[in-house]
Amino acid sequence: MIPITVVDVRDAEPLVAEVLRSGAIAQGPMVRRLEAAFAEVTGTRHAVAVNNGTTALIGALQVLDLRPGDEVITSPFTFVATLNAILQAGATVRFADISAEDFAVDPDKVAAAIGPRTRVLMPVHLYGQPADMGKLAPLAAEHGLHVVEDAAQAVGATFDGRQAGSYGLGCFSLYATKNVTTAEGGVITCEDDELADRLRVLRNQGMRARYEYEMAGNNYRMTDLHAAVGIPQLEQLAARTAARRRNAERLSAGLAGTPGLRLPAVLPGREHVWHQYTVLVGPHAMLSRDELAQQLTERGVGNGIYYPKVVFDYDCYRDHPQIPDATTSRVPVAADVAEQALSLPVHPALSEADLDTVVKTVRDLLGA
């Protein structure tokens, strides 16, 4: 089986051993080292490490002091953590439909969704390509909105040379399958000194110093063991991203012209980091998306469906008081994309033979 992703963290062994030998494995100097490296990658003044990407989103919203009824506009085509974080922060969710070109919120749809209670714009940089921050950032500024970027899949991605995570509060996931992983972990980036300070207090049960409480906080801390796993990957990020880009180019060249298949595009001014290589299997293809996924698996080509439904289209979210007017008819592009999206292997561990196999198998199955 050619896997959809490969996790290789063996380069972290010396740093992990250093932490274990120190006898101090909780948040400490290794976490600070990871934060410094992450701030350098994102070009931000601050990077605050936390225990996972969902916590990053929750914490970013919490330090904005949202009140009941305050609204956050985000994408309906995303991992459930985006939605759950907004609900956990006590805000109301409004969804703007996406563009099938970049799988991110359509700025025109966002503009139409802004109302008197809107406080936050939360674009999702899906699959490793930034949303259209050239339009979204000025739109937020025009309406006095905070920007919280769900950049979970986009470490190292840029829009017109500006790093994802540098437009307000940037939230990254370091989950096991991400381009940079600490097994579980997350990072919040920002330029604002006050917000960064509040985030550091918030993640430590609201303590400035031991038993000196300044706010109702939580335990969002990352351990030094987790940080040690991620540091070498940040050092290798440029090389790993270059490998992903080469693989994506190879896939696009090989799959060009495949009947019924829409290939991912890198839009002008954007640098894609290819967390996923996601195609759309259209209604006129020889196989449906689900049929193609099954056939690929049977032939030894790993694949993934990210995501099978729009994020709110589950029983547990129906009639939720913080999710008003959430119907698929309001987000038709996202609903169509959710039925067609299929991710193929693009990770750095792929060999030339692996890439040839992926291309040939897809083309054969779709009658190319």
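Quick look at the structure, then.

Criteria and thresholds
- Note on numbering: residues in each chain are counted from 1, in written sequence order.
- With the structure being a predicted model, the display of local features is reserved for residues of pLDDT at least 70 and the display and counting of side-chain atom pairs for 80 or more, all residues being used for whole-chain, interface and lining totals.
- Neither water nor hydrogens contribute to the side-chain values; these are computed over all heavy atoms in the structure.
- In this analysis a 1.4 Å probe is tested at points of a 1 Å grid over the protein atoms alone, and where it fits but cannot get out there is a cavity; an open set with protein on both sides within 12 Å along at least five of seven lines is a pocket; lining residues have an atom within 4 Å of a point.
- Grid points are joined across faces, edges and corners, and a volume is the space filled by probe spheres set on the points.
- Each helix is a run of DSSP H or I of at least 4 residues and each strand a run of E of at least 2, with the numbering of both proceeding from the N terminus.
- For this scheme, ten residues count as nonpolar: Ala, Val, Leu, Ile, Met, Phe, Trp, Tyr, Cys and Pro. Four count as charged, namely Asp, Glu, Lys and Arg, and the remainder, Gly too, count as polar.
- Classification of ring pairs rests on two measures: the distance between centres of Phe, Tyr or Trp rings, Trp counted by its six-membered ring, which must be within 6.5 Å, and the angle between planes, read as stacked under 30 degrees, edge-to-face over 60 and tilted in between.
- A 1.4 Å probe rolled over the protein chains alone gives each residue an accessible area, and that area as a share of the maximum for its type sets the label: buried under 20%, exposed over 50%, partly exposed in between.
- Any Lys NZ or Arg CZ that is within 6 Å of a ring centre and within 35 degrees of that ring's normal is treated as a charge sitting over the ring.

**Notes on the layout of surface pockets**
Space inside the largest pocket adds up to approximately 510 Å³. Lining the largest pocket we find 28 residues, and of these F79, S173, Y175, K178 and Y307 sit closest to its centre. Listed by contribution, the elements that provide at least two residues to the lining of the largest pocket are α3 (53–62), α4 (80–88) and β8 (169–173). Residues that form the lining of the largest pocket fall into these classes: 13 nonpolar, twelve polar and three charged.

**Regarding the packing of aromatic side chains**
To describe a pair of aromatic rings, you give the distance between the ring centres and the angle between the ring planes. Evaluation of the coordinates by the stated rule reveals nine aromatic pairs. Where F77 meets Y127, the ring centres are 6.4 Å apart and the plane angle is 80 degrees; that geometry is what we call edge-to-face. Of this pair, F77 sits in the loop between β2 (71–74) and α4 while Y127 is found in the loop between β4 (118–122) and α6 (133–142), placing the two residues 50 residues apart along the sequence. Look at Y127 and you get buried, because its relative accessible area is 1%. An aromatic cluster is present here, built from F77, F79, F103, Y127, Y306 and Y307 joined pairwise through their rings. Over the aromatic face of Y167 sits the side chain of R162, whose NZ or CZ is 3.9 Å from the ring centroid. The ring of Y314 has K309 lying over it, and the distance from NZ or CZ to the ring centre is 4.9 Å.

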